[in-house]
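Observations on the three-dimensional arrangement
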Amino acid sequence: MRTVRVTFVLPGGRERVCEARLGETLLDVARQEDIAIEGACGGSMACATCHVIVEPGFFERLPVASPEEEDMLDLAESLAPTSRLGCQIALDASLDGLVVNVPKTSLLE
Ligand code: FES
């Protein structure tokens, strides 16, 4: 499998289902699909504007967040137990069907 399916749930509940290539990050996918996740630092873990909330069931499949990611997440609004930085989620085959919620605070105005 060279692609996986990812669903972004936007504020208000609208869903965007995307095909993504293995190795891409969620932030990469959002940008290609014109989903307006801010991602102000471009993926260098210097902001928290790519914050997403991962559906339980998939959260457990992700590698554990690094201390640097945890530090950045502490700055995110709407933090949840399954919060992650979208730029740090690299897609692999085990994540096919991944569903993430995009908080309003992660979207460009
Ligand atoms: S884009 Fe800045 S931490 Fe992800």
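Residues numbered from 1 in each chain as written. Predicted model: local features only at pLDDT ≥ 70, side-chain atom pairs only at ≥ 80, totals over all residues. Heavy atoms only, no water.

**A look at the nonpolar core**
- Counting 30 residues, the largest nonpolar core has Phe8, Leu26, Ile37, Leu91 and Leu98 as the members making the most contacts within it.
- For this core, the element with the highest residue contribution is helix 1 (residues 26-32), accounting for four residues.
- Setting aside chain neighbours within four positions, we find Leu91 in contact with Val4, Val6, Ala20, Arg21, Leu22, Gly23, Glu24, Leu26, Val29 and Leu98. (Core = buried A, V, L, I, M, F, W, Y, C linked by side-chain atoms within 4.5 Å. Buried < 20%, exposed > 50% of the residue type's maximum accessible area, 1.4 Å probe, protein only. Helix = DSSP H or I, 4+ residues; strand = E, 2+ residues; numbered from the N terminus. Contact = heavy atoms within 4.5 Å.)

**Thoughts on the pattern of salt bridges**
- Applying the stated criterion to the full structure yields four salt bridges.
- Residue Glu33 is joined to Arg16 by a salt bridge in which the shortest nitrogen-to-oxygen separation is 3.7 Å. Of this pair, Glu33 sits in the loop between helix 1 and strand 3 (51-54) while Arg16 is found in strand 2 (residues 15-21), placing the two residues 17 residues apart along the sequence.
- The salt bridge partner of Arg84 is Glu69, with a shortest N-O separation of 2.8 Å. Of this pair, Arg84 sits in strand 4 (residues 83-85) while Glu69 sits in helix 2 (residues 67-73), and the two are 15 residues apart along the sequence.
- What makes Arg84 buried here is its relative accessible area of 6%. (Salt bridge = Lys/Arg side-chain N within 4 Å of Asp/Glu carboxyl O.)

**Some thoughts on the pairing of strand 1 (residues 3-9)**
- The element strand 1 is largely enclosed, with a buried count of five among its seven residues.
- Pairing of strand 1 with strand 2 involves seven bridges; the strand directions are antiparallel. The residue bridging Phe8 from the neighbouring strand is Arg16, located in strand 2.
- Two successive antiparallel strands, strand 1 and strand 2, enclose a turn made up of five residues, where Gly12 displays a positive phi of approximately 95 degrees.
- In this sheet, strand 5 (residues 98-101) lies alongside strand 1 in parallel orientation, the contact comprising four bridges. Note on strand 5: the bridge partner recorded for Thr7 is Val99. (Pairing = 2+ DSSP bridges.)

**Quick notes on the side chain of Glu24**
- Position of Glu24 among the secondary structure elements: in the loop between strand 2 and helix 1.
- For Glu24, the side chain forms a polar contact with the main-chain nitrogen of Arg21, separated by 2.8 Å.
- Setting aside chain neighbours within four positions, we find Glu24 in contact with Val29, Gln32, Ile89, Ala90 and Leu91. (Polar contact = N/O pair within 3.5 Å; in protein donor to acceptor, adjacent residues only side chain to side chain.)

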